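Residue-level listing of the chains:
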Amino acid sequence: MPGKRRRLGNPLALAVLVTLWQKPMHPYEIAQTLRRQGKDTSTKINYGSLYTVVQNLEKHGFVEVTDVERQGNRPERTVYGLTADGREEMTEWLSDLIAVPAKEYPIFETALSLMGALHPDEVVRLLQERLRALEVQAASARGGLEKLYETLPRLFLVETEYQLHMILAQAEWVRGFLEEIRKGSLPGVEAWRHFHETGELPADFS
């Protein structure tokens, strides 16, 4: 069943809730913690909008001011903590995201759905380019993981493992799809090629 419609849908808001679950912090400390814990590799984080996110969480009663810090001549820093409602929202939201597969719209899927506008030979060239980039990404991610395993428990690296597996899975699919276009075994590929070379659309494609 689909997850509950949430009052806030920005994943950065969830990252802030989980960060404040660790301890009360001011927004600058939240940003530093997210960066230090590597959350910017798995969540799109716009640090400029983080203050707005915190304000929205406060408006909905999910966080509250717990302290105002002042150090010397520095401006005051407002410290925020999680409320009981915020803890409940965090738990439900995170549980939904883990348990319920959501339809996402990766831009590569969009491109694949529209690739008929390009000649199949050009698609082959572009997918070869993508495959090389994916192989570089996979090698980099694998090397990074091996280094991180030396200092961090695997529990804190599962999102990086997942990213590596998704890169490898995509590379495997692209490799197979490329081979189908090259060999001409992809159903409809000859009609696709014929259209680009003659401008004539087969009757079963109209």
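Each remark here, short or long, concerns the structure printed above.
Rules used throughout
- Each chain carries its own residue numbering, running from 1 in the direction its sequence is written.
- Whole-chain, interface and lining totals are the exception, using all residues; otherwise, since this is a predicted model, local features are given only for residues with pLDDT of at least 70 and side-chain atom pairs are given and counted only at 80 or more.
- Here the side-chain values reflect all heavy atoms present in the structure, with hydrogen atoms and water set aside.
- Only Phe, Tyr and Trp rings take part, Trp by its six-membered ring, and two of them pair if their centres are within 6.5 Å. Stacked means planes under 30 degrees apart, edge-to-face means over 60, and tilted covers everything else.
- Numbering of helices and strands runs from the N terminus, with a helix taken as a DSSP run of H or I at least four residues long and a strand as a DSSP run of E at least two residues long.
- Note on classification: 1.4 Å probe, protein chains only; a residue is buried when its accessible area is under 20% of the maximum for its type, exposed when over 50%, partly exposed between these limits.
- For a Lys NZ or an Arg CZ to count as sitting over a ring, it must be within 6 Å of the ring centre and within 35 degrees of the ring normal.
- Axis geometry follows a simple rule: fit a line to the C-alpha atoms, using only the stretch in contact for helices, then measure angles between N-to-C directions, giving values from 0 to 180 degrees.
- An angle below 35 degrees is read as roughly parallel, one above 145 as roughly antiparallel, one from 65 to 115 as roughly perpendicular, and any other as oblique.
- In this description, contact between two residues means that some pair of their heavy atoms is separated by no more than 4.5 Å.
- Following the grouping adopted for this structure description, the nonpolar residues are Ala, Val, Leu, Ile, Met, Phe, Trp, Tyr, Cys and Pro, the charged ones are Asp, Glu, Lys and Arg, and the polar ones are all others, Gly among them.

Trainee: Hey, could you run me through the packing of aromatic side chains in this one?
Mentor: Given two aromatic rings, one states the distance between the centres and the angle between the planes to describe the pair. If you walk through the whole model with that rule in mind, you get one aromatic pair. Here Trp173 and Phe177 contribute two aromatic rings whose centre-to-centre distance is 4.8 Å and whose plane-to-plane angle is 15 degrees, an arrangement assigned as stacked. One end of the pair is Trp173 and the other is Phe177, both in helix α7 (residues 158–183) and four residues apart, which spans about a single turn. Given the relative accessible area of 42%, Trp173 is considered partly exposed. What makes Phe177 buried here is its relative accessible area of 9%. The ring of Tyr105 carries Lys103 above its face, with NZ or CZ at 5.2 Å from the centroid. Across from the ring centre of Phe108, 3.6 Å away, lies the NZ or CZ of Arg130, which sits over that ring.

Trainee: Sorry if this is basic, but what is going on with the packing of helix α1 (residues 11–22) against helix α2 (residues 27–36) here?
Mentor: For any two helices packed against each other, the geometry comes down to the angle between their axes and how far apart the axes lie. At a closest axis distance of 10 Å, the pairing of α1 and α2 adopts a crossing angle of 95 degrees. By the criterion of interaxial angle, the relationship of α1 to α2 is roughly perpendicular. Touching Leu12, Ala15, Val16, Thr19, Leu20 and Gln22 of α1 are Ile30, Thr33 and Leu34, all from α2. By residue class, the composition of the contact of α1 with α2 is six nonpolar, three polar and no charged.

Trainee: So what exactly am I meant to see when it comes to the environment of Leu131 here?
Mentor: The residue Leu131 is located in helix α6 (residues 120–149) in this model. Considered as a pair, Leu131 and Gln170 are 39 residues apart in the sequence and their alpha carbons are 8.7 Å apart. Leaving out residues up to four positions away in the same chain, Leu131 has contacts with Ala171, Val174, Arg175 and Leu178.

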